[in-house]
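In case you want the letters, here they are:
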Amino acid sequence: MRAVQIAEALIVAEGAAALTDLCGAGRKGDATPLRVVMLRMFPNASYDDLEAGLQLALTIARLDQAEREAMRH
């Protein structure tokens, strides 16, 4: 499973806003509940693929959020 597929699945399953809320502060351990969900969603994926997918999903979610905020101003 590739990181892009993992990122897409996370955004669909959790939603962009929920992802940024879960991992918004950047504190260690913020994404732990999400990682547990990811392990259940993708039991055969490598840890590196899961981490890359999570980082990609967060980047996409943050970009979406920034775009929405920019459109409001």
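Attention here is on the structure that accompanies the text. These numbers come from a predicted model, not from an experiment.

**Considering the packing of helix α1 (residues 3–14) against helix α4 (residues 47–72)**
Here is step 1 of the chain: The interhelical angle for the contact between α1 and α4, taken along N-to-C directions, is 55°, at an axis separation of 7 Å. The orientation of α1 relative to α4 falls into the category oblique. Once α1 is placed against α4, the crossing between them reads as right-handed. Residues Ala-3, Val-4, Ile-6, Ala-7, Leu-10 and Ile-11 of α1 touch α4, and the partners they reach there are Asp-49, Leu-50, Ala-52, Gly-53, Leu-54, Leu-56, Ala-57 and Ile-60.

**Examining helix α2 (residues 16–23)**
Here is step 1 of the chain: Along α2, the residues classified as buried are Ala-16, Leu-19, Thr-20 and Cys-23. The arc enclosing the buried residues of α2, seen along the axis, measures out at 95°, which places them on a common side.
Here is step 2 of the chain: Residues of α2 that are buried in the fold lie against α1, α3 (32–41) and α4.

What counts, and at which threshold
- Residues numbered from 1 in each chain as written.
- Predicted model: local features only at pLDDT ≥ 70, side-chain atom pairs only at ≥ 80, totals over all residues.
- Heavy atoms only, no water.
- Axes fitted to C-alpha atoms, helices over the stretch in contact; angles between N-to-C directions.
- Helix = DSSP H or I, 4+ residues; strand = E, 2+ residues; numbered from the N terminus.
- Parallel < 35°, antiparallel > 145°, perpendicular 65-115°, else oblique.
- Left-handed = near helix turned anticlockwise from the far one by under 90°.
- Contact = heavy atoms within 4.5 Å.
- Buried < 20%, exposed > 50% of the residue type's maximum accessible area, 1.4 Å probe, protein only.
- Arc of directions from axis to C-beta.

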